[in-house]
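Chain by chain, the residues run as shown.
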Amino acid sequence: MSDSFPLPPVRLHSEAELARDALSTPLLSRAARLARWAGPETRVDAGGGLVDEQLPAAAEALALTGDDDAAADASEAWRLAVDTGLVEVVDEEEGTVTAGADLALLTGGSPQEVLRVWLAALETVLAEASAPDLGELIDAVDAGGEVDLSSLDWDPEAEAELLDGVLGNLYVLTAGEEGAGDAPVPLPALAASVIVPSDMGEPTNDELEQVSDAMMRLDDQFRLLEPVGLVEYQPVDEALMADADEEPAAPVDDTDVSRYGMVKLTPLGLYGLRHRLLEAGLTAPAVGDLSDKGADVLLDGTAGFPPAAAHAETELWLARREPLAAARELLAAARGADAGAPLRRLHCQQALSLVGATAEPALREVLDDPELGGLARVWLTEHGAPDVPPPSEAMVFWLTIDTLAAQLAAEGNSDELRALVEGLAQQHSGFFAAAWRVDHPATPDVLEAMGRLHPDKKIAKEARKAAFKARSQQGG
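Residues numbered from 1 in each chain as written. Predicted model: local features only at pLDDT ≥ 70, side-chain atom pairs only at ≥ 80, totals over all residues. Heavy atoms only, no water.

(A) Examining unusual backbone geometry more closely. One non-glycine residue with positive phi stands out, namely Ala-63, at about 60 degrees. By the element assignment, Ala-63 lies in the loop between helix H3 (55-61) and helix H4 (70-83). In this structure Ala-63 comes out as exposed when scored by relative accessible area, which is 58%. Unlike most non-glycine residues, Asp-387 shows phi in positive territory, near 55 degrees. (Helix = DSSP H or I, 4+ residues; strand = E, 2+ residues; numbered from the N terminus. Buried < 20%, exposed > 50% of the residue type's maximum accessible area, 1.4 Å probe, protein only.)

As C-alpha cells, then:
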C-alpha cells in the first residue's frame, strides 16, 4: 500500500479494552497457560518445541483432551509462548526452559506492555500464515534431507504481498465511513480486490481462476489468524468443494455468498494492523491523535478526514480546552492566504458550531478582519446574536470565493459543488462581472472550476473569461 494513498482515520478502543481483548484471545491465553505450566521437568527439542512425549500433558493443561487436534494445538501454543518471550530456553543441550521475562507482563504489566506482547504474537502468526503448510514441506524434502524450495509452488514474497494487500484493503474498508465498518466482508470480494483492477469491467477467466486460488489460500490464512484475535472469520463451506483437490466456483448470487467465507477485523485487529502500517512508515491516523496539538494542526490534519471522523476529532480537541480560548485559537489558525487556508476556515466554522454561544466574544473580535469577518457574521447570525453588522458587498464576494475554494478542495468536482455553482450563477446575474475582481488567491481557480462545472455553455464561457481576467489581474 502506497503512502500516497491517504488512509482513513480509525476509531480505536481504549488501550485498557484492547489489552483485555488480547488477554482473552485463544492463542495468547493458551500460550500464557503453558508458560505457567512449564517446570523443571519440561523438555524441548533443538528448535524449542515441546518434545512429543510432553504434548499430551500440555494438551491436558489446556483442557484439550479428547480433541483430535489437541497435540497440534498445544504445540502451536507452546511455539507462540517461546516466540513471544513468555518462555525461555535456558539450556539448548538439555532442552530445559524457564518462565520468560514477559510472562509477568500479562498479569502485572500496563495495557501498553500487554499489547506489546500481543503484537509479537501477531507477527509470529502472520509469518506462519504466509509459510507453506507442513504437508508441502514434507513433500519437498530431497534425498539429502534438505527442503527443496524450488519444488514448492510457493513464492514467499508473493504470499506475504497477497496477505498484506488483503489485510490493507480490509483495514480501509473497516475504517472508512463508506466502507464495511462492522459488517463482515465476503472473501471473494476481498480476494478480487487485490487481483482484479478496480477500473476493469468483467474479470477475465484467468483472473477468476486467480481469485478462486487466492480464496483458498486466504481461507487457510484466516483460519490461522482468528485464534490470535486479528479477525472474526466464517470459513468457506467445505460442502462447496465436491473434491478436495478442486477449487470452488464463484458464487452465482448474493444469497449464497456467505458460504464462500466472511471476514471482519476485530477492534484488536484494527489496532494491530494500524501498528504494522505505522511501523512500515505509512501515515495511519487515528481519531484522538490531534487532541493535544495546536488548532493549526487540528484544522490542517482534519482536512482529509471524512465528516464524522473530523467531527469526533474536533470534539475530543475541544473537550481538553476552555471554550472561549479554544474559539480564539481556532480563529487565529484559520487565517492565511495559502492554498489550504479556505479549507481551514471551513473546518474552523464547523468547529466553532460545536463550541456554542460562549464563543461569541471571539467572533465579535474578528468582525473587521478581512479573512474572518464574513465567517464571523455568518456564525453570529446563525446563533441569533444581536447587532450583527451587515457585510459589505466586497466581503460577500470574498466569502463566496473562499467557500467555493474550500468545497473544491474538500470534494473536488462533486454533484454538491455543481449544484452550488448553478445556484450562484442563477441568483446573481452579474456574478462573474464582479467576481473576477475579488482579491482572493483562489479566485482564478474557483472561476475556472465554475466554467468546468456549469452545464450551460454560455454561462460556462462567462466563467472562463472571468477566470482569465482574474489570472491576468493577479499577474499569473
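Let's pick the thread back up.
(B) Main features of the environment of Asp-300. Structurally, Asp-300 is set in helix H12 (residues 295-301). Classification of Asp-300 as partly exposed rests on a relative accessible area of 43%. Between the alpha carbons of Asp-300 and Leu-343 there is a distance of 8.2 Å; along the sequence they are 43 residues apart.

(C) View of the packing of aromatic side chains. If you walk through the whole model with that rule in mind, you get 4 aromatic pairs. When the centroid spacing of 5.4 Å and the interplanar angle of 45 degrees are considered together, the rings of Phe-222 and Tyr-233 count as tilted. Of this pair, Phe-222 sits in helix H10 (residues 205-225) while Tyr-233 sits in strand S4 (residues 231-234), and the two are 11 residues apart along the sequence. One aromatic cluster is present, built from ring pairs that chain together Phe-397, Phe-431 and Phe-432. (Phe/Tyr/Trp six-rings, centres within 6.5 Å; stacked < 30°, edge-to-face > 60°.)

(D) Broad picture of empty space enclosed by the protein. Counted under the stated rule, the structure contains 1 cavity of 30 Å³ or more. Computed from the structure, the largest cavity encloses a volume of approximately 40 Å³. Of all the secondary-structure elements, those providing two or more residues to the lining of the largest cavity are helix H18 (393-411), helix H19 (415-427) and helix H21 (443-453). The class makeup of the residues in the lining of the largest cavity is 8 nonpolar, no polar and no charged. (1 Å grid on protein atoms, 1.4 Å probe; cavity = no way out; pocket = protein on both sides within 12 Å on 5 of 7 lines; lining within 4 Å. Points joined across faces, edges and corners; volume = space filled by probe spheres on them. Nonpolar A, V, L, I, M, F, W, Y, C, P; charged D, E, K, R; others polar.)

(E) Local environment of the side chain of Arg-377. Structurally, Arg-377 can be placed in helix H17 (residues 373-382). Among all residues touching Arg-377, those that are not within four sequence positions of it are Leu-367, Val-388, Pro-389, Pro-390, Pro-391 and Met-395. (Contact = heavy atoms within 4.5 Å.)

(F) The arrangement of the packing of helix H15 (residues 341-355) against H18 in detail. Where H15 contacts H18, the axes come no closer than 8 Å and their chain directions differ by 95 degrees. Here H15 is positioned roughly perpendicular relative to H18, judged by the angle of their axes. Counting all contacts with H15, which are made through Pro-342, Leu-343, Arg-345 and Leu-346, the residues of H18 involved are Trp-398, Asp-402, Ala-405, Ala-406, Gln-407, Ala-409 and Ala-410. A breakdown of the residues in the contact of H15 with H18 according to their chemical character gives 8 nonpolar, 1 polar and 2 charged. (Axes fitted to C-alpha atoms, helices over the stretch in contact; angles between N-to-C directions. Parallel < 35°, antiparallel > 145°, perpendicular 65-115°, else oblique.)

(G) Summary view of the environment of Glu-226. Its location among the elements puts Glu-226 in the loop between H10 and S4. On a C-alpha basis, the gap between Glu-226 and Leu-265 in space is 9.5 Å, while along the polypeptide they are 39 residues apart. Those residues within four positions of Glu-226 in sequence are excluded, and the remaining contacts are Val-231, Glu-232 and Tyr-233. Here the side chain of Glu-226 touches Tyr-233 through a polar contact of 3.0 Å, landing on its backbone nitrogen. (Polar contact = N/O pair within 3.5 Å; in protein donor to acceptor, adjacent residues only side chain to side chain.)

(H) Broad picture of the pairing of strand S1 (residues 87-91). Direction of pairing for S1 relative to strand S2 (residues 96-99): antiparallel, over a ladder of 4 bridges. The residue of S2 that forms the bridge with Val-87 is Ala-99. Count of turn residues in the S1/S2 antiparallel hairpin: 4 residues, of which Gly-95 carries a positive phi of about 70 degrees. (Pairing = 2+ DSSP bridges.)

(I) The arrangement of the pattern of salt bridges in detail. Inspection of the entire model under this criterion finds 19 salt bridges. A salt bridge links Arg-223 to Asp-219, with the nearest nitrogen and oxygen atoms 3.0 Å apart. Here Arg-223 and its partner Asp-219 are both found in helix H10, 4 residues apart, which amounts to about one turn of the helix. Residue classification places Arg-223 among the partly exposed positions, given a relative accessible area of 34%. Asp-338 is the salt-bridge partner of Arg-344, the closest N and O atoms lying 2.9 Å from each other. In the salt-bridge network here, residues are joined through shared partners; they are Glu-123, Asp-164 and Arg-276. (Salt bridge = Lys/Arg side-chain N within 4 Å of Asp/Glu carboxyl O.)

(J) Up close: the packing of H15 against H17. The contact between H15 and H17 brings their axes to 11 Å, and the two run at 25 degrees. As far as their axial angle goes, H17 and H15 are roughly parallel. Judged by the twist between their axes, the crossing of H15 over H17 is right-handed. Where H15 approaches H17, its residues Arg-345, Gln-349, Leu-352 and Ser-353 are matched on the opposing element by Leu-375, Val-378 and Trp-379. In the contact of H15 with H17, the residues fall into 4 nonpolar, 2 polar and 1 charged. (Left-handed = near helix turned anticlockwise from the far one by under 90°.)

(K) Up close: H21. Counting buried positions over the 11 residues of H21 gives 8, a clear majority of the element. Within H21 the residues assigned to the buried category are Thr-443, Pro-444, Val-446, Leu-447, Ala-449, Met-450, Gly-451 and Leu-453. Contact partners of the buried residues in H21: H18, H19, helix H20 (431-435) and helix H22 (457-473).

(L) Main features of the nonpolar core. Counting residues in hydrophobic clusters, the biggest one holds 75 residues, and the most contacted among them are Leu-86, Trp-118, Tyr-171, Phe-222, Leu-230 and Val-231. Among the elements that line this core, the one with the most residues is helix H6 (residues 111-129), at 10 residues. The contact partners of Val-231, leaving out residues within four places of it in the chain, are Leu-170, Phe-222, Leu-225, Glu-226, Val-263, Lys-264, Leu-265 and Thr-266. One finds Leu-290, Cys-348, Leu-372 and Ala-385 within the second-largest nonpolar core, a separate group that totals 28 residues. (Core = buried A, V, L, I, M, F, W, Y, C linked by side-chain atoms within 4.5 Å.)

Keep in mind these values describe shape, not function.
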